[in-house]
Each structure stands twice: as C-alpha cells, then as structure tokens.
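# A structural walkthrough
These are the residues of each chain, in order.
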Amino acid sequence: QTAVTSHYPAAMCRLSVYVGPPLLMEEILTKPTRSIVSQSQQSRERVLGNVNGDGFGIGWYENVGTRDEEPCVFNSTQPAWTCRNLTRLARKIYAS
C-alpha cells in the first residue's frame, strides 16, 4: 500500500496518488489530520493568509482490467471543505 503526496506550485497545489489494497477515499481525502481537505484549510505554504479557497478535483478508475479505460472524474469550483458531495463520495468510493 502506497500513498504519495507531492507539491507542484507552478501547476497545482497538491497531488495524491494511492496504489494498494482497496481503501475508501475518505481515508485519504477527509479523515486524516493532514488530509487534502485540511491542507486546503490550513495551508503552510501560502504567503497571504493560510486558506486555499480554490476548487479541487478527484479522479479514479472503476472496473480496472476491463475495456473501460476512461477515469471517473469529480471536480468542483468550490473549496473542498465546503463541498458536501466530496464528503459523501469519499465515504462510498474505493481507491486501489
């Protein structure tokens, strides 16, 4: 099981990748103390203030090993911490 978080200031704020046994996305996105959601609320890298109120997106693959190679994508212009749909989806979608 592997989780990787990287910082790409020129292109995006944060990128996380998970490869391992099935895991609910909430275990990466919303539950941990330093989750992606909490990082957007308490950004240590910001120069002006500490809140990153930008939108976000998540992507995942369903039916791995089938002909459907198109990823599922959910994005929003709302900040992650205000998006109830993100919280609901993260409780139901498995990453692997």
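Everything below is about the structure shown above.
Model, not experiment: these values are computed from the prediction. Going along each chain's sequence as written, the residues are numbered from 1 onward. Where totals are concerned, whole chains, interfaces and linings use all residues; where local detail is concerned, this predicted model gives features only for residues with pLDDT of at least 70, and gives and counts side-chain atom pairs only at 80 or more. The basis for the side-chain values is all heavy atoms of the structure; hydrogens and waters are excluded.

## A few points about the overall build of the chain
- For helices the rule is a DSSP run of H or I covering at least 4 residues; for strands it is a run of E covering at least 2, with both sets numbered from the N terminus onward. Check the secondary structure of the chain and you find three helices and six strands.
- Across the chain, helices and strands are ordered from the amino to the carboxyl terminus as β-β-β-α-α-β-β-α-β.
- Buried residues are those whose accessible area, probed at 1.4 Å on protein chains only, stays under 20% of the maximum for their type, while exposed residues exceed 50% and partly exposed ones sit between those limits. Taking all 96 residues of the chain together, 26% fall into the buried category.
- Long-range pairs, those at least 24 residues apart, make up 42% of the contacts in the chain with a sequence separation of at least 6.
- The accessible surface values rely on the Shrake-Rupley method and a 1.4 Å probe; as for residues, cover is taken only from the protein chains in view. Accessible surface computed for the chain: about 6,900 Å², of which carbon and sulfur atoms make up 52%. Any two residues whose heavy atoms approach within 4.5 Å at even a single point are treated as in contact.

## Side note on the pattern of salt bridges
- What counts as a salt bridge is simple: a side-chain nitrogen of Lys or Arg found within 4 Å of a carboxyl oxygen of Asp or Glu. For the coordinates displayed, the defined rule picks out two salt bridges.
- Lys31 is the partner of Glu26 in a salt bridge, and the nearest nitrogen-oxygen pair spans 3.6 Å.
- The buried category is assigned to Glu26, whose relative accessible area is 11%.
- The residue Glu27 makes a salt bridge to Lys31 at a minimum N-O spacing of 3.5 Å.
- Taken together, the shared-partner salt bridges in this structure form one network comprising Glu26, Glu27 and Lys31.

## Quick word on the nonpolar core
- Here, the term nonpolar core denotes a set of buried Ala, Val, Leu, Ile, Met, Phe, Trp, Tyr and Cys residues that are joined through side-chain atoms within 4.5 Å. Counting residues in each nonpolar core, the largest one holds 14 residues, and the members touching the most others are Met25, Leu29, Phe56, Ile58, Trp60, Phe74 and Leu86.
- Put simply, the parts of the chain that give this core at least two residues each are strand S4 (56-60) and helix H3 (84-90).
- The element that contributes the greatest number of residues to this core is S4, accounting for three residues.
- Those residues in contact with Phe74, other than ones at most four positions away along the chain, are Phe56, Gly57, Ile58, Trp60, Cys83, Asn85, Leu86 and Leu89.

## Overview of the pairing of S4
- Every second residue of S4 is oriented toward a common face, the buried set being Phe56, Ile58 and Trp60 and the non-buried set Gly57 and Gly59.
- Where S4 lies against strand S5 (residues 72-76), five bridges are found, and the strand directions are antiparallel. Within S5, the residue paired with Gly57 across the bridge is Asn75. Strands are treated as partners if at least two bridges between them are detected by DSSP.

## A closer look at the side chain of Ser35
- The topology assignment puts Ser35 in the loop between helix H1 (26-29) and helix H2 (36-41).
- Ignoring anything within four residues of it in the chain, the contact list for Ser35 reads Ile28, Leu29 and Thr30.

## Let's talk about a positive patch on the surface
- Here, patches come from residues exposed beyond 30% relative accessible area and free of salt bridges, joined within 9 Å for like charges and within 5 Å for nonpolar side chains (Val, Leu, Ile, Met, Phe, Trp, Tyr). Asp and Glu count as negative and Lys and Arg as positive, but His and the ends of the chain are not part of the count. Every charge is mapped onto a representative atom, which is NZ of Lys, CZ of Arg, CG of Asp or CD of Glu. Taken together, Arg84, Arg88, Arg91 and Lys92 make up a surface patch of like positive charges.
- Tracing the chain through its elements places Lys92 in the loop between H3 and strand S6 (94-95).
- Residue class for Lys92 comes out exposed when judged on its relative accessible area of 67%.

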